[in-house]
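Read off the chains here:
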Amino acid sequence: MPSLADIVPSRKRQRQLTYLMEIGLIGMLFIGIERGNAGIIINTGVALLVTQLPPVLERDYEIPMDPRLTLWITTAVFLHAFGTVGLPGATATLYSQVWWWDHMTHALSASLVAAVGYSTVRAFDEHAEGVHLPQRFIAVFILLFVIAFGVLWEILEFAIALAAETLGTRAVLTQYGLEDTMLDFVFNSIGAIIVATWGGAYLTNVTNAIRERFESRAD
């Protein structure tokens, strides 16, 4: 039976996968430009900007971003952007062709939002004297935090769809109806629950760095 070390990619392999996806995003950006597709251009452009956040956080704010966290972030934005481009030769996006693609990307994106909320609230809990937040409370907070962010995202999608319809252009983000919106919330919650359950094992260094920044500001 293979061990966990055999299944999980090495740090070097994680970096290589991250670089490959960043190159893929650049390629998708050029595809969007070649097609004159604003949706692809904007989604891949934003994804490329997000992939630059880890080095900025590490360099300017001294928040450690090890290769697995960088790979996590890059994978989430890469799969979303790839879903807007679709397979070579296809006339439709993966979001409309593959029924589970939207659910997968929502769960991944929600897990990133949950990771931000988890790291911040844990850092505050460890920093503030006289404040103790039980693990169960933190889990509920993360779930509500992600749901609130999801509501804002759905409002943004609805507003963009209305604006595109008014202007007679193609929407950058698409809503597929009430049922799809409800499923989005379900998979957002799944991403939040995963982080609330296992976040402590993977976000300790980030939490400690944020706590140290709280302490330096207090001094």
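No experiment lies behind these values; they were computed from the predicted model shown.

> Would you mind showing me how to read the overall build of the chain here?
Counting its secondary structure elements, the chain contains 10 helices and 0 strands. In the chain, the succession of helices and strands from N to C terminus is α-α-α-α-α-α-α-α-α-α. In terms of principal-axis extent, the alpha carbons of the chain reach across some 55 × 45 × 40 Å. Looking at the 219 residues of the chain, the share that counts as buried comes to 37%. Once local pairs closer than 6 in sequence are excluded, the contacts in the chain between residues at least 24 apart make up 66%. Accessible area for the chain stands at about 13,100 Å²; split by element, carbon and sulfur atoms hold 67% of it. Across the chain, the centroid of the 13 positively charged side chains sits 8 Å from that of the 20 negatively charged ones.

> What am I meant to see in the UniProt feature "transmembrane region" (unreviewed entry) in the chain here?
Under the present numbering, the feature "transmembrane region" (unreviewed entry) in UniProt falls on residues 17-33, 39-57, 69-87, 107-125, 137-162 and 182-203. A helix fraction of 100% and a strand fraction of 0% characterise residues 107-125, whose end C-alpha atoms lie 26 Å from each other. For residues 182-203, the end-to-end C-alpha separation is 29 Å, with 95% helix and 0% strand making up the annotated structure.

> Help me understand the packing of aromatic side chains, please; the structure alone is not making it clear to me.
What describes a pair of aromatic rings is the distance from one ring centre to the other and the angle between the planes of the rings. This structure, assessed with the given rule, holds 4 aromatic pairs. Ring geometry for Trp100 versus Trp101: centroids 5.7 Å apart, planes at 40 degrees, classification tilted. Relative accessible area serves as the criterion here: at 38%, Trp100 is assigned to the partly exposed category. Classification of Trp101 by relative accessible area gives buried; the value is 8%. Within the aromatic cluster, the residues linked to one another by ring pairs are Phe78, Phe82, Trp100 and Trp101.

> Is there a simple way to think about helix H8 (residues 135-167) in this case?
Structurally, the α-helix is built with 3.6 residues per turn, so residues lying three or four positions apart point the same way. With 33 residues, H8 should reach 48 Å at 1.5 Å per residue; the first-to-last C-alpha distance of 48 Å fits that figure. Of the positions making up H8, those classed as buried are Ile138, Ile142, Val146, Gly150, Glu154, Glu157 and Ala164. Those residues of H8 that are buried lie in contact with helix H7 (101-127) and helix H9 (178-202). Just beyond H8, the residue with positive phi is Gly168, at close to 75 degrees.

> Looking at this model, I keep getting lost on the nonpolar core. Mind explaining?
Across soluble globular proteins, nonpolar side chains have a tendency to be buried as a group. With 24 residues, the main nonpolar core has Ile142 and Val146 as its most contacted residues. Looking at this core, the elements that each hand over two or more residues are helix H5 (67-85), H7, H8, H9 and helix H10 (204-218). Built from parts of two domains, this core gets at least three residues from each of domain 1 (1-95) and domain 2 (99-218). When residues no more than four places from it in sequence are discounted, the contact partners of Val146 are Ala110, Val113, Ala114, Asn188 and Ala192.

> What is the right way to read the pattern of salt bridges from this model?
Note on pairing: side chains with opposite charge can pair once their charged atoms come close. Evaluated as defined, the whole model comprises 4 salt bridges. Asp66 is the partner of Arg68 in a salt bridge, and the nearest nitrogen-oxygen pair spans 3.2 Å. Accessibility expressed as a relative area gives 36% for Arg68, which makes it partly exposed. Exposure remark for Asp66: the relative accessible area of 15% places this residue in the buried category. Note that Arg211 is salt-bridged to Glu126, the shortest N-O span being 3.1 Å. Residue Arg211 is located in helix H10, and its partner Glu126 is located in helix H7; the two are separated by 85 residues in the primary sequence. A cluster of three or more residues bridged by salt bridges with shared partners is formed by Arg122, Glu126 and Arg211.

> How do you make sense of the domain arrangement of the chain when you look at a structure like this?
Interfaces are frequently sized by the accessible area removed from exposure as the parts join. According to the domain assignment, the chain consists of domain 1 (1-95) and domain 2 (99-218). Here the C-alpha centre of domain 2 lies 18 Å away from the C-alpha centre of domain 1. On the side of domain 2, 21 residues touch domain 1, which itself brings 20 residues to the contact. Together, Trp72, Leu79 and Tyr95 form the three largest contributors to the area buried by domain 1 at its contact with domain 2, with a combined 33%. Connecting domain 1 to domain 2 are 0 salt bridges. For the interface between domain 1 and domain 2, the tally reads 4 residue pairs in polar contact (both at pLDDT 80 or more). It is H5 that provides the largest number of residues to the side of domain 1 that touches domain 2, a total of 10 residues.

Parameters at a glance
Residues numbered from 1 in each chain as written. Predicted model: local features only at pLDDT ≥ 70, side-chain atom pairs only at ≥ 80, totals over all residues. Heavy atoms only, no water. Helix = DSSP H or I, 4+ residues; strand = E, 2+ residues; numbered from the N terminus. Buried < 20%, exposed > 50% of the residue type's maximum accessible area, 1.4 Å probe, protein only. Contact = heavy atoms within 4.5 Å. Areas by Shrake-Rupley, 256 points an atom, 1.4 Å probe, with all protein chains shown as cover. Lys, Arg positive; Asp, Glu negative; His and termini not counted. Charge placed at Lys NZ, Arg CZ, Asp CG, Glu CD. UniProt positions renumbered as here; feature names shortened; annotations may be inferred. Phe/Tyr/Trp six-rings, centres within 6.5 Å; stacked < 30°, edge-to-face > 60°. Expected span 1.5 Å × (residues − 1). Core = buried A, V, L, I, M, F, W, Y, C linked by side-chain atoms within 4.5 Å. Domains from an automatic or database assignment. Salt bridge = Lys/Arg side-chain N within 4 Å of Asp/Glu carboxyl O. Buried area = accessible area lost by both parts, 1.4 Å probe. Polar contact = N/O pair within 3.5 Å; in protein donor to acceptor, adjacent residues only side chain to side chain.

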